[in-house]
Amino acid sequence: MDETHGEAPSRRPLILIDGSSWLFRAYHALPPLTNARGEPTGAVYGLGNMLRKLLKDYAPERICVVFDPSGPTFRNALYAAYKANRTETPEDLSAQYPAVLELIEALGLPCVTVDGVEADDVIGTLAHAAEGRGEPVLIVTSDKDMAQLVNERVALLDTMKNRRLDPAGVVDKFGVPPQSIIDYLALMGDTSDNIPGVPGVGPKTAAKWLNEYGSLDAIVARADSIKGKVGDNLRAHLDQLPLARELATIRRDVTLPLTLDALHPRAPDTARLAEFYRRHGFHRLLEELERGSAGAEAGAAAGAAVPPAVAPTPQSVPTAATTVVDADGLEAMAGALAAADLICFDTETDRLDAHQAQLVGLAFAVTAGQGWYVPLGHDYLGAPPQLARAQVLERLRPILEDEHKPKLAQHAKFDLNVLAAHGVQVRGVAHDTMLQSYVLDAAGNRHDMDTLAQKHLGHTTITFEDVAGKGRHQLTFNQVPVDKAAQYSAEDADITLRLHQALYPRVCAEPALKRVYETIEMPLVPVLAQMEQAGVRVDTALLRTISHELAVRMDELQQQAHAQAGSEFNLGSPKQLGSILYEQLQLPVLGKTPKGEPSTSEDVLAELAAQHPLPQLILDWRALQKLRSTYAEQLPQAVNPRTGRIHTSYGQAIAATGRLSSSDPNLQNIPVRTAEGRRIRQAFVAEPGQALLSIDYSQIELRLMAHLSGDERLQQAFRDGRDIHQATAAEVFGYAIDAVPAERRRAAKAINFGLIYGMSAFGLARQLGIPRNEAQDYIDRFFGRYPGVRQFMESTKAQARERGYVETLFGRRLYLKDIGSRNQAQRQYAERTAINAPLQGTAADLIKLAMIDLSAYLRQTAPGVRMIMQVHDELVFEGPAAALADLAPEIAGRMCRVSALDVPLVADWGVAANWDAAHTPSGHASSDT
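Predicted model, so just to flag it, every value in this text is computed and none were measured. (Residues numbered from 1 in each chain as written. Predicted model: local features only at pLDDT ≥ 70, side-chain atom pairs only at ≥ 80, totals over all residues. Heavy atoms only, no water.)

Remarks on the overall build of the protein chain
Secondary structure summary: the protein chain contains 37 helices and 23 strands in total. Taking 2.2 N^0.38 as the reference for a compact globule, 929 residues should give roughly 30 Å; the C-alpha atoms of the protein chain span a radius of gyration of 31 Å, in line with that estimate. Taken along its principal axes, the extent of the C-alpha atoms in the protein chain is 85 × 80 × 65 Å. Looking at the protein chain as a whole, 52% of its 929 residues are labelled buried. Nonlocal contacts in the protein chain, meaning residues at least 24 apart in sequence, comprise 68% of its contacts between residues at least 6 apart. Total accessible area on the protein chain stands at roughly 40300 Å², and carbon and sulfur atoms take up 50% of it. Each charge sign in the protein chain was given a centre, from 93 positive and 113 negative side chains, and these centres are 2 Å apart. (Helix = DSSP H or I, 4+ residues; strand = E, 2+ residues; numbered from the N terminus. Rg over C-alpha atoms; globule rule 2.2 N^0.38 Å. Buried < 20%, exposed > 50% of the residue type's maximum accessible area, 1.4 Å probe, protein only. Contact = heavy atoms within 4.5 Å. Areas by Shrake-Rupley, 256 points an atom, 1.4 Å probe, with all protein chains shown as cover. Lys, Arg positive; Asp, Glu negative; His and termini not counted. Charge placed at Lys NZ, Arg CZ, Asp CG, Glu CD.)

As structure tokens, this is what we get:
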């Protein structure tokens, strides 16, 4: 570091906190908490926890919390309308400000507010002073304006998103470097601060112009050459750009009432803190203080629990990387691996498709802070000699294939697939840090290694772009220099090991989560890997035929649409369609886009279809276009040339409820209720001489509602094997069970499924095409006949508000951060999720347990039969037709007996040469049989 600017730099960065920004975020993050005297405390509690966590994470030598002043600032003198559009600060937030200042003082933290000067300018001035002394600075804020302050010594930290921005990070986020941020903001303006900008100029246009012309002054000089409406807007607003730039510029030279040397924190005043916590009802914090705790993690107050977090270490520890390039080095590494209690491993490849990728290198770690990299396929000009891939794999095979040698990885399934494609069947994978994070808090953050390292270790990893570049000049990994690859790859293995040491104890601390991790998620990893490796065969000739059929039908719909419109137009153009619907046909505008244009979304078109034939024709055309482009055209291109089959990727840590997802290609969105969707499914076929077996759970979420709610009428209907929709119609509408009209059964079906997804009377009315009061009457009747269901829903919402999360039958958790939100829409969405998540999540757990059981059963009983697809509540198997017919009742029966419920589980099955035909039931099994 440059030390020519005066005194030696501090060991740790000066931390400057945008207190006003933090206070608003704390206020909106927690429900409206009060103490015993009814005084609001939520913002105080939230900001206090954020401060305490920051102190624990960074142990700063100097720190300052900066707040905005209450009155006008010099920017109001420049522009009277500055921030004029802002609403008044909520009364219950203003009331908490004195307590916030009291808490900051009790914690021993320097705090400053300067009359007439915004917090941004105070922070800018302090940062500039520290930078001038050669010291690092960390500005804690989420304000994009602060990006103009970033340089080699000054970085931004958004603690809410665990994101740290250095100069490269600013470019990645905004598309321009820090020195261009002022011009960037001036061009766009800022609606939150009421700073005028150029209409129509958003982030992309501003970044494009600045990268093309270099500066705002250059853009102004070339304004006449900028074409289109946006160019007209620019020329019309040239006179206001100097003002916008001045308003957006953070000053770095304001007079302050304190110096850098006054920013050392004092020891907390524990007696004052204890009295403060006691007065505000912060009992947990008081207990920790009295126990001498160093500080609790940021969390929620009563009624807003969040998952506990692990404090990252204050400083990153680099990985000592060893590159293995000869036989002696390989033997030394293999010996260490064989002696280790846990082996962390990672593969490096030349592409992301695990089934076609070439193995470029292997990385291992057994001790935190150290890692090995074995380069195997770096083939750039001048690449150093490397060990032969076959030699390395044969030497490591006994270790990798030993099921009694525990192994660890981050997203282990990918590595299993890569090594399987190279002839090594890895066994003994005991841990996966991606899944540890997912089980702890599925929806709380991304589960990639870089994010987890920053969140849990305070470590900024070497990224792929750091070693391979980015954009069209990005290298594939085989072209990355070995020395860079070694540091990057060894760090991956080492950080994964460190993450395991941080996360696994937290998993074990919660018995229910430990059970989900060890009995569901980890055993499922090799099962999914085997399914992905097996893949599924598609009839590409049939897909080409289907593509032609869809094109013909789309052309017919287009001609009908043109006839209805009275003119030709592009059905795929929302703008042209909007012109036809709203200008030519004068249909009512039922919704608008974010840009304020009349909407042509599917929901809007579905409503308009009752008033004119054209919207339904558009919907039908769009559905066929999606099927044709997504499946008929794309599936043949997804066929692996080596296997002749499609190998989808099952996402195990994507859906918050625990459900599996499917990508590359997505096999879970192929419609099953339309003729065209079933036609696509006909192209999924068995190998010659074999067949497909499809087994689908019947109404599993309704059965789970019956079990979880304990409603006797609903349970009895399932025990009696009745048509549940017919039974509901009989109960709700007062018919004999065998005399229910079809339209009443349809209404009952909409009620059954709608209520478990939190559907309102408005939504039900819209779906059934009936008045809202009639829909509400249906719902009231339903709950009148099934009171256990309503009690379950209400108790689940209450439990979610109390604990901050809901659980599946097996203990999987889903945290609901908005369950106590002041925003009604966010709170209601969280309440609907609270009701549905235990149902969807338990269904996901059940089918995962079934997959684990069936994989072992088939391996022992029928190795010629393999599980090849999982789609929602359905499993698909491939094997000899006779064997599938014999095994189907037992396989379906095992699926139904995977867990004991108060109502029977039922699964329908069919065997045929293609997926669509196999989905037609020819038999069923029940947990009662």
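Examining the side chain of Glu491
Mapped onto the elements of the fold, Glu491 is located in helix 21 (residues 482–509). Buried charged residue Glu491 carries no salt bridge. Nearest counter-charge: Arg498, at 6.3 Å. With residues near it in sequence (within four places) discarded, Glu491 still touches Thr319, His459, Thr460, Thr461 and Ile462. (Salt bridge = Lys/Arg side-chain N within 4 Å of Asp/Glu carboxyl O.)

A closer look at the state of the cysteines
Evaluated as defined, the whole model comprises zero disulfides. Free cysteine Cys344: the closest other cysteine sulfur is in Cys508, separated by 17 Å. (Disulfide = S-S within 2.5 Å.)

Details of the environment of Arg553
Along the chain, the position of Arg553 falls in helix 23 (residues 540–565). Considered as a pair, Arg553 and Asp620 are 67 residues apart in the sequence and their alpha carbons are 9.8 Å apart. Look past the residues within four positions of Arg553 in its chain and what remains in contact with it is Gln560 and Leu624.

Let's talk about the side chain of Thr833
Among the structural elements, Thr833 can be located in helix 35 (residues 824–861). Assessed through its relative accessible area of 18%, Thr833 is described here as buried. The contact partners of Thr833, leaving out residues within four places of it in the chain, are Leu814, Leu816 and Pro838.

Some words on the pairing of strand 4 (residues 137–140)
In strand 4, alternate side chains face the same way, and those of Val137 and Ile139 on one face and Leu138 and Val140 on the other are all buried. Relative to strand 4, strand 1 (residues 14–18) runs parallel, the two being bridged by four bridges. Following the sheet pairing, Leu14 is matched in strand 4 by Val137. For strand 4 and strand 5 (residues 154–158), the ladder comprises four bridges, and the chain directions are parallel. If you follow Ile139 over to strand 5, its bridge partner there is Leu156. (Pairing = 2+ DSSP bridges.)

Some points on the confidence of the model for the protein chain
Summary statistics for the protein chain give a mean pLDDT of 88 and a share of 94% for residues scoring 70 or more. Below a pLDDT of 50 lies the segment residues 1–10, which in the model reaches 21 contacts outside its immediate sequence neighbourhood of four places, other chains included. Below pLDDT 50 for its whole length, residues 293–315 participates in 68 contacts with residues either more than four positions away or in separate chains. (pLDDT = per-residue confidence, 0-100.)

Points about the packing of helix 24 (residues 574–584) against helix 26 (residues 613–632)
Remark: helix 24 packs on helix 26, axes separated minimally by 11 Å, with the N-to-C direction vectors making an angle of 160°. Taken as axis vectors, helix 24 and helix 26 run roughly antiparallel relative to one another. For the crossing formed where helix 24 meets helix 26, the hand is left-handed. In this structure, helix 24 contributes Leu577, Ile580 and Leu581 to the contact, and helix 26 contributes Leu614, Pro615, Ile618 and Arg622. Classifying every residue of the contact of helix 24 with helix 26 by side-chain character gives six nonpolar, no polar and one charged. (Axes fitted to C-alpha atoms, helices over the stretch in contact; angles between N-to-C directions. Parallel < 35°, antiparallel > 145°, perpendicular 65-115°, else oblique. Left-handed = near helix turned anticlockwise from the far one by under 90°. Nonpolar A, V, L, I, M, F, W, Y, C, P; charged D, E, K, R; others polar.)

Description of the pairing of strand 10 (residues 370–375)
Regular strands show a simple pattern: their side chains alternate between the two faces of the sheet. Of all six residues in strand 10, five are buried, a share of seventy percent or more. Bridge count between strand 7 (residues 320–323) and strand 10: four bridges; the pairing is parallel. Each bridged residue has a counterpart across the sheet, and for Thr322 the counterpart in strand 10 is Trp372. Relative to strand 10, strand 9 (residues 359–365) runs antiparallel, the two being bridged by four bridges. Counted as the bridge partner of Gly361 is Pro375 from strand 10. Following strand 9, the chain reverses through four residues before pairing antiparallel with strand 10; Gly369 in that reversal takes a positive phi of roughly 95°.

Examining the nonpolar core
Counting residues in each nonpolar core, the largest one holds 124 residues, and the members touching the most others are Phe684 and Phe877. Per-element accounting of this core gives the leading share, 12 residues, to helix 35. Excluding its chain neighbours within four sequence positions, the residues that come into contact with Phe684 are Val536, Arg537, Val538, Leu635, Leu667, Ile670, Leu692, Met869, Ala913, Asn914 and Trp915. Within the second largest apolar cluster, 55 residues are counted, among which are Cys64, Ala119, Val150 and Val198. (Core = buried A, V, L, I, M, F, W, Y, C linked by side-chain atoms within 4.5 Å.)

Quick look at the pattern of salt bridges
A complete count under the given rule lists 48 salt bridges for this structure. Its salt-bridge partner being Glu135, residue Arg62 comes within 1.8 Å of it at the nearest N-O pair. In this pair, Arg62 is assigned in the loop between helix 2 (42–58) and strand 2 (63–66) and Glu135 in the loop between helix 6 (119–132) and strand 4, connecting sequence segments 73 residues apart. For the salt bridge of Arg812 with Glu521, the shortest nitrogen-to-oxygen distance reads 2.6 Å. Here Arg812, found in the loop between strand 18 (805–807) and strand 19 (813–815), pairs with Glu521, found in helix 22 (residues 511–534); they are 291 residues apart in sequence, far enough to count as distant. Comparing Arg812 with Glu521 shows no difference in burial state: the two are buried. Through salt bridges that share partners, Arg537, Arg645, Glu687, Arg866 and Glu878 make up one connected network.

Details of helix 5 (residues 97–106)
Residues Ala99, Val100, Glu102, Leu103, Ile104 and Ala106 constitute the buried set of helix 5. Buried positions along helix 5 lie against helix 1 (19–29), helix 2, strand 2, strand 3 (111–112) and helix 13 (270–280). Gly108, located one to two residues past helix 5, shows a positive phi value of around 85°.

Description of helix 14 (residues 283–290)
Residues lying three or four places apart along an α-helix face the same way, a consequence of the helix completing one turn every 3.6 residues. Within helix 14, burial applies to Leu285, Leu286 and Glu288. Along the axis of helix 14, the buried residues cluster in a sector spanning 165°; they form a single face. Looking at helix 14, the residues exposed on the side facing more than 90 degrees away from the buried face are His283 and Glu290. Against the buried residues of helix 14 lie helix 2 and helix 13. (Arc of directions from axis to C-beta.)

Observations regarding the packing of aromatic side chains
Per the stated rule, a full pass over the model turns up 15 aromatic pairs. Centre to centre, the rings of Phe276 and Tyr277 are 6.3 Å apart; their planes meet at 70°, and the pair counts as edge-to-face. A relative accessible area of 0% places Phe276 in the buried class. Between Phe782 and Phe783 the ring centres are 5.6 Å apart and the planes differ by 80°, which places this aromatic pair in the edge-to-face class. (Phe/Tyr/Trp six-rings, centres within 6.5 Å; stacked < 30°, edge-to-face > 60°.)

Overview of unusual backbone geometry
That bond from Asp664 to Pro665 is cis: its omega, 0°, falls within 30 degrees of zero. Tracing the backbone through its elements, the reader meets Pro665 in the loop between strand 15 (661–663) and helix 27 (675–681). A positive phi angle, close to 55°, is found at Asp664, a residue other than glycine. Structurally, Asp664 is set in the loop between strand 15 and helix 27. Exposure remark for Asp664: the relative accessible area of 65% places this residue in the exposed category. The backbone phi angle of His872 is positive, close to 60°, even though this residue is not glycine. As for its position among the elements, His872 is in the loop between strand 20 (866–871) and strand 21 (874–880).

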